[in-house]
Amino acid sequence: MSDAQKAANFLQMARVNTPGGQVSALGLEALLRLADGPRTINQLMTETGAADGPLSRQLRRFTAWYDPREGKVVEPDLKLLQRERRGEKLRGHVYRLTPLGKEFLKTAGLLP
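Analysis parameters
Residues numbered from 1 in each chain as written. Predicted model: local features only at pLDDT ≥ 70, side-chain atom pairs only at ≥ 80, totals over all residues. Heavy atoms only, no water. Helix = DSSP H or I, 4+ residues; strand = E, 2+ residues; numbered from the N terminus. Buried < 20%, exposed > 50% of the residue type's maximum accessible area, 1.4 Å probe, protein only. Contact = heavy atoms within 4.5 Å. Pairing = 2+ DSSP bridges. 1 Å grid on protein atoms, 1.4 Å probe; cavity = no way out; pocket = protein on both sides within 12 Å on 5 of 7 lines; lining within 4 Å. Points joined across faces, edges and corners; volume = space filled by probe spheres on them. Nonpolar A, V, L, I, M, F, W, Y, C, P; charged D, E, K, R; others polar.

Tracing the backbone through its elements, the reader meets Gly92 in the loop between β4 (81–85) and β5 (93–97). Look at Gly92 and you get partly exposed, because its relative accessible area is 40%. Spatially, the C-alpha atoms of Gly92 and Thr40 are 7.4 Å apart, while their sequence positions differ by 52 residues. Here Gly92 is in contact with Glu84, Arg85 and Arg86, once residues within four sequence places are set aside.

Moving on, we get to the sheet that holds β5. Judged by pairing direction, the sheet is antiparallel, and its three strands sit side by side in the order β1-β5-β4 without closing on themselves. Looking at the sheet topology across the chains shown, the edges are occupied by β1 (39–40) and β4. Direction of pairing for β4 relative to β5: antiparallel, over a ladder of five bridges. Bridged to Glu84 within β5 is Val94.

Rolling a probe over the atoms, with the probe sized like a water molecule, indicates the empty space that remains. What the largest pocket holds in volume is close to 370 Å³. Taken together, 18 residues make up the lining of the largest pocket; nearest its centre are Ile41, Ser56, Arg83, His93 and Tyr95. Looking at the lining of the largest pocket, the elements with two or more residues in it are α3 (41–48), α4 (52–60), β2 (65–67) and β5. Of the residues in the lining of the largest pocket, the class split is six nonpolar, six polar and six charged.

Pasting the structure below:
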């Protein structure tokens, strides 16, 4: 399978499996960058050239998050990413692929 075909499969899978709206190119780029390993939001901001707000909103499409207005955790349709605290003395979070995220990218032909 060619690289172009792998990319087309990935884009089609993302489009079909995200009801209620399309994922932006920024969200897909961040997801692909996380295929190489965990990253902080600052690392992703540097690699993508995007600001924190737009990048965080796109990552939220693939990550469970707490909605204080509803008082509950919101689960995305595709939980491809996991957000974890960095550690006791460190601020911020680390994003990594979930097992479903890895399987998603393998199915598209982007991971071995």
